[in-house]
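These are the residues of each chain, in order.
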Amino acid sequence: GASGTLQWLDLSYNVRSDPSHRTVMMRAGTELGRMLLEAEALAHLSVRWNGLHGPAAAAFVDGLRSNRSLTSLDVGWNSLSKPELLQMIGSYIAPPPDEPPCVLKKLDISYNSISYRAALQFAEFLGSNSSLTHVVLDGNPFGEGGIAA
């Protein structure tokens, strides 16, 4: 299918203020997660500024964990600050030795309301990753302690 040959997908800036947005994003997060399971050639994905949060974000991140083709991922300006979501993203960028390695080179996780405690946990995953060359964490309220991590 198309998802097997798709290499670049930019779904940025789809936040809307109307009440139906929550339902749309729930479905979108689930479908994006499914697509990532099959997108063997996808190298770049941007879901920047989409308001992904809660179960929609969890479905997206769950699909992400199975994808080993992405070299660039932009999830900035969403709500991926819950510890379990950051744990899932962390296990994607630093998988256990019995899983295929992460090939991600660029990760933008800016403006996701990542706290100091979450930044400390996430720093451990970053330290275990050997492919990332560019990480953007701008606009997260983790303070000086989180920056030092």
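To be clear, the structure that these remarks concern was listed above.
In this text the structure is predicted, and so the values were computed from the model without any measurement.

Analysis parameters
- Residue indices begin from 1 for each chain and proceed along its sequence in written order.
- Totals for whole chains, interfaces and linings use all residues, but because this is a predicted model, local features are given only for residues with pLDDT of at least 70 and pairs of side-chain atoms are given and counted only at 80 or more.
- Side-chain calculation: all heavy atoms of the structure are included, whereas hydrogens and water are not.
- A pair is scored as a salt bridge if a Lys or Arg side-chain nitrogen falls within 4 Å of a carboxyl oxygen belonging to Asp or Glu.
- The rule is simple: take the accessible area with a 1.4 Å probe, protein chains only, and divide by the maximum for that residue type; under 20% is buried, over 50% is exposed, in between is partly exposed.
- Two rings from Phe, Tyr or Trp (for Trp, the six-membered ring) form a pair when their centres sit within 6.5 Å of each other. Planes less than 30 degrees apart are called stacked, planes more than 60 degrees apart edge-to-face, and all others tilted.
- Put simply, DSSP marks the helices as runs of H or I at least four residues long and the strands as runs of E at least two long, and each gets a number from the N terminus on.
- In this analysis, two residues are considered to be in contact whenever any of their non-hydrogen atoms come within 4.5 Å of each other.
- Only buried residues count toward a nonpolar core, which is a set of Ala, Val, Leu, Ile, Met, Phe, Trp, Tyr and Cys residues joined through side-chain atoms within 4.5 Å.
- For two strands to count as paired, DSSP must find a minimum of two bridges between them.
- An axis is simply a line fitted to the C-alpha atoms; with a helix, the fit covers only the stretch in contact. Between two such axes, the angle follows the N-to-C directions and lies from 0 to 180 degrees.
- To sort the angles, those under 35 degrees are grouped as roughly parallel, those over 145 as roughly antiparallel, those from 65 to 115 as roughly perpendicular, and the leftovers as oblique.
- Helix crossings are classified by the rotation of the near helix relative to the far one: an anticlockwise turn of less than a right angle makes the crossing left-handed, while a clockwise turn makes it right-handed.
- Pairs of N or O atoms within 3.5 Å make up the polar contacts considered here, provided that, within protein, one atom can donate a hydrogen while the other can accept it, and that residues adjacent in sequence are counted only when both atoms are side-chain atoms.
- Any residue with relative accessible area above 30% and no salt bridge may belong to a patch, with like charges joined within 9 Å and the nonpolar Val, Leu, Ile, Met, Phe, Trp and Tyr side chains within 5 Å.
- Only the protein chains shown count as covering a residue, and every accessible area follows the Shrake-Rupley method with a 1.4 Å probe.

Peer 1: What is the right way to read the pattern of salt bridges from this model?
Peer 2: When their charged atoms lie close together, side chains carrying opposite charge are able to pair. All told, the structure shown has five salt bridges when counted by the stated rule. In this structure, Asp62 and Arg65 form a salt bridge, with 3.6 Å as the shortest nitrogen-oxygen distance. Classification of Asp62 by relative accessible area gives partly exposed; the value is 41%. By sharing partners, the salt bridges in this structure join Arg48, Asp74 and Asp108 into a single network.

Peer 1: Got a minute to help me understand the packing of aromatic side chains in this structure?
Peer 2: Each aromatic ring pair is described using two quantities: the centre-to-centre distance and the angle formed by the ring planes. Evaluated as defined, the whole model comprises three aromatic pairs. Ring plane angle 15 degrees and centroid distance 4.2 Å describe the contact between Trp49 and Trp77, whose orientation is recorded as stacked. Taken together, the residues span a long stretch of sequence, with Trp49 in the loop between β2 (44–46) and α3 (54–64) and Trp77 in the loop between β3 (72–74) and α4 (83–93) at a distance of 28 residues. For the pair Trp77 and Tyr111, a centre-to-centre distance of 4.1 Å together with 15 degrees between the ring planes defines the contact as stacked.

Peer 1: Got a minute to help me understand α4 in this structure?
Peer 2: Because an α-helix packs 3.6 residues into every turn, residues spaced three or four apart end up facing the same way. Within the sequence span of α4, burial applies to Leu85, Leu86, Met88, Ile89, Gly90, Tyr92 and Ile93. At its buried positions, α4 is contacted by α3, β4 (106–108) and α5 (116–127).

Peer 1: How should I be thinking about the nonpolar core in this particular structure?
Peer 2: When a protein is soluble and globular, its nonpolar side chains tend to lie buried together. Membership of the largest hydrophobic core comes to 37 residues, with the highest contact counts inside it found for Leu45, Phe60, Leu70, Leu73, Ile93 and Leu104. Elements that contribute at least two residues to this core include exactly α2 (21–38), α3, α4 and α5. Excluding residues within four positions of it along the chain, Leu73 makes contact with Leu45, Phe60, Leu64, Leu104, Lys106, Leu107 and Asp108.

Peer 1: In this structure, what is going on with the sheet that holds β2? I would like to understand it.
Peer 2: Through backbone hydrogen bonds, the strands of a sheet pair up, either in parallel or in antiparallel fashion. On the basis of which strands lie adjacent, the open sheet formed by five strands has the order β1-β2-β3-β4-β5 and parallel pairing. The open sheet terminates on both sides in strands that have one partner only, identified here as β1 (8–10) and β5 (134–136). The mean inter-strand angle of the sheet, taken between neighbouring strand axes irrespective of direction, is 5 degrees. Sheet analysis places β2 next to β3, joined by three bridges and oriented parallel. Bridge assignment links Ser46 to a residue of β3, and that residue is Asp74.

Peer 1: What am I meant to see in the packing of α3 against α4 here?
Peer 2: Between two packed helices, what matters for the description is the angle formed by their axes and the separation of those axes. For the pair α3 and α4, interaxial distance at closest approach is 9 Å and the crossing angle is 15 degrees. One element, α3, and the other, α4, form an angle in the roughly parallel class. By crossing handedness, the relation of α3 to α4 is classed as left-handed. For the pair α3 and α4, the contacting residues are Ala57, Ala58, Val61, Asp62 and Leu64 in the first and Leu85, Met88, Ile89 and Tyr92 in the second.

Peer 1: Before we go on, may I ask you to explain the side chain of Asp108 in this structure?
Peer 2: If you trace the backbone, Asp108 turns up in strand β4. In this structure Asp108 comes out as buried when scored by relative accessible area, which is 8%. Within polar-contact distance, the side chain of Asp108 engages the side chain of Ser110 at 2.6 Å.

Peer 1: Would you mind showing me how to read a nonpolar patch on the surface here?
Peer 2: Taken together, the side chains of Tyr13, Trp49, Trp77 and Tyr111 present a nonpolar region at the surface, about 420 Å² in accessible area. Its location among the elements puts Tyr13 in the loop between β1 and α2. Given a relative accessible area of 54%, Tyr13 falls into the exposed group.

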